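Summary of the model geometry
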Amino acid sequence: MKRLITIFGILLLVTFVLAVFPTNSMAMTQFGRTNVPAKVRIIVTSANIRSGPETTFVKVGVANKDQIIECLGKLGSWWVVHLPNDTVGTISSSLAQPYYPPTVQPSPTTTSTPSPTPSQVQLTADQQHMLDLINQERSKAGVALLQIDPQLQKMAQTKSDEMVAKNYFSHTSPRYGDPFAMMKSLGITFTSAGENIAGNSSVDAAHQALMNDPPHKANILTSSFDYVGIGITPSQANGYIFVQDYIGR
């Protein structure tokens, strides 16, 4: 049986909605922190900040055009924002757009230290093939290609090995907890993160199934992710168990 599961973002508020999908996908979260900007900019003359993700919710504040506000997450099509007066509310994404500060280039006389790059990791043929398939999709979508992070790679392989050894299929490890807790326990830093897991007969079949399911596809194509780790472990029940762990820094 083919199985798929996905989890999004760094969850500040965790509210799970159970849903049944043809591929046996598990719970999805209403509140998302994946692919959410740190700040948003108001694009209308005046915008109401409300207590919930509908215009029927009470107004808790007002923001003006070009005002830049801290963004905590997303509820459907509404940004969850933190106002300067320490009020938390929501604003429709039609009234505010992601804001990214301009990159400051060092002057020619400034000596800068290059950022460290992930060390080379020896991937198996199947892991390399899955990485190539992911980056092919990102290239077609115009999204920056992912690199392998050594610690994230170790985590993904540990997770797939554990799922087979302990005969479970879940984002939550009985030993490490959810993916975010596992990342922190391994010293992996991130500003955004996500995980896909799947059971399938081959790399190509697993990739196709993931791309055919919108939440999994979203993780594969999320522009805020920079690095990935890929775990693949043979399984008598599923053929192989696949784990894709993503982070952005």
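Residues numbered from 1 in each chain as written. Predicted model: local features only at pLDDT ≥ 70, side-chain atom pairs only at ≥ 80, totals over all residues. Heavy atoms only, no water.

**Some thoughts on the packing of aromatic side chains**
Centre distance and the angle of the planes are the two values used to describe a pair of aromatic rings. This model, assessed by the stated rule, comprises three aromatic pairs. Relative to F190, the ring of F180 has its centre 6.3 Å away and its plane inclined at 40°; by these criteria the two rings are tilted. Of the two residues, F180 is situated in helix α3 (residues 179-185) and F190 in the loop between α3 and β13 (192-200); the sequence distance between them amounts to ten residues. Each member of the pair, F180 as well as F190, is classed as buried. (Phe/Tyr/Trp six-rings, centres within 6.5 Å; stacked < 30°, edge-to-face > 60°. Helix = DSSP H or I, 4+ residues; strand = E, 2+ residues; numbered from the N terminus. Buried < 20%, exposed > 50% of the residue type's maximum accessible area, 1.4 Å probe, protein only.)

**Section: the side chain of S92**
Looking at where S92 falls in the secondary structure, it is placed in strand β10 (residues 88-92). A residue is classified by how much of its surface remains accessible, and S92, at 14% relative accessible area, is buried. Within the local environment of S92, its side chain forms a polar contact with the side chain of S94, the two groups lying 2.8 Å apart. Once residues within four sequence positions are removed from consideration, S92 is found in contact with S77, W78 and W79. (Polar contact = N/O pair within 3.5 Å; in protein donor to acceptor, adjacent residues only side chain to side chain. Contact = heavy atoms within 4.5 Å.)

**Considering the confidence of the model for the protein chain**
On average, the protein chain scores 82 in pLDDT, and the residues at 70 or more come to 78%. The lowest-confidence element of the protein chain is strand β2 (residues 16-17), averaging 30 in pLDDT; the highest-confidence one is strand β14 (residues 227-235), averaging 96. Below a pLDDT of 50 lies the segment residues 109-119, which in the model reaches six contacts outside its immediate sequence neighbourhood of four places, other chains included. (pLDDT = per-residue confidence, 0-100.)

**Re the nonpolar core**
Ranked by size, the top nonpolar core spans 19 residues in total, and within it M130, I134, V228, I230 and Y246 carry the most contacts. For this core, the elements supplying multiple residues, two or more each, are α1 (125-140), α4 (203-211), β14 and β15 (239-248). (Core = buried A, V, L, I, M, F, W, Y, C linked by side-chain atoms within 4.5 Å.)

**Section: the packing of α1 against α4**
The contact between α1 and α4 brings their axes to 10 Å, and the two run at 30°. When the axes of α1 and α4 are compared, the pair comes out roughly parallel. Considering only the axes of α1 and α4, their crossing is right-handed. Mapping the contact onto sequence places D126, H129, M130, L133, I134 and E137 in α1 and V203, D204, A206, H207 and M211 in α4. (Axes fitted to C-alpha atoms, helices over the stretch in contact; angles between N-to-C directions. Parallel < 35°, antiparallel > 145°, perpendicular 65-115°, else oblique. Left-handed = near helix turned anticlockwise from the far one by under 90°.)

**What about α1?**
With 16 residues, α1 extends 23 Å from end C-alpha to end C-alpha; this agrees with the ideal 22 Å at 1.5 Å per step. Of the positions making up α1, those classed as buried are Q127, M130, L131, L133, I134, N135, E137 and R138. Its buried side turned inward, α1 meets β12 (147-148), α2 (150-165), α4, α5 (214-221), β14 and β15. Immediately beyond the C-terminal end of α1, within one or two residues, lies G142, with a positive phi of roughly 75°. (Expected span 1.5 Å × (residues − 1).)

**Considerations on the packing of α1 against α5**
Following both chains from N to C, one finds α1 and α5 inclined at 85°, their axes separated by 9 Å at the closest point. Taken together, α1 and α5 sit at an angle that is classed as roughly perpendicular. Every residue of α5 that contacts α1 at I134, E137 and R138 is listed here: N219, I220 and L221.

**Topic: the pairing of β10**
Walk down a regular strand and you will see the side chains alternate between the two sheet faces. Taken across its five residues, β10 has four buried, putting it largely inside the fold. Taken together, the five bridges between strand β9 (residues 78-82) and β10 define a ladder with antiparallel strand orientation. Directly across from W78, in β10, lies its bridge partner S92. Between β9 and β10, which pair antiparallel and follow one another directly, the connecting turn spans five residues, one of which, D86, has a positive phi of 75°. (Pairing = 2+ DSSP bridges.)

**A few points about unusual backbone geometry**
The phi torsion at D86 lies on the positive side, around 75°, for a residue other than glycine. Here D86 lies in the loop between β9 and β10. A positive phi is found at N167, a non-glycine position, where the angle reads about 55°. The residue N167 is located in the loop between α2 and α3 in this model.

**Concerning α2**
Over its 16 residues, α2 extends 22 Å from the first C-alpha to the last, a length consistent with the 22 Å expected when each residue adds 1.5 Å. Residues of α2 that are buried include every one of L152, Q153, M155, A156, Q157, K159, S160, E162 and M163, and no others. In this structure, the buried residues of α2 make contact with α1, β12, α3, β13, β14 and β15. Backbone nitrogen of Q151 and a side-chain oxygen of the N-cap are separated by 3.1 Å at the start of α2; the cap is D149. Remark: N167 follows α2 within two positions and exhibits a positive phi of approximately 55°.

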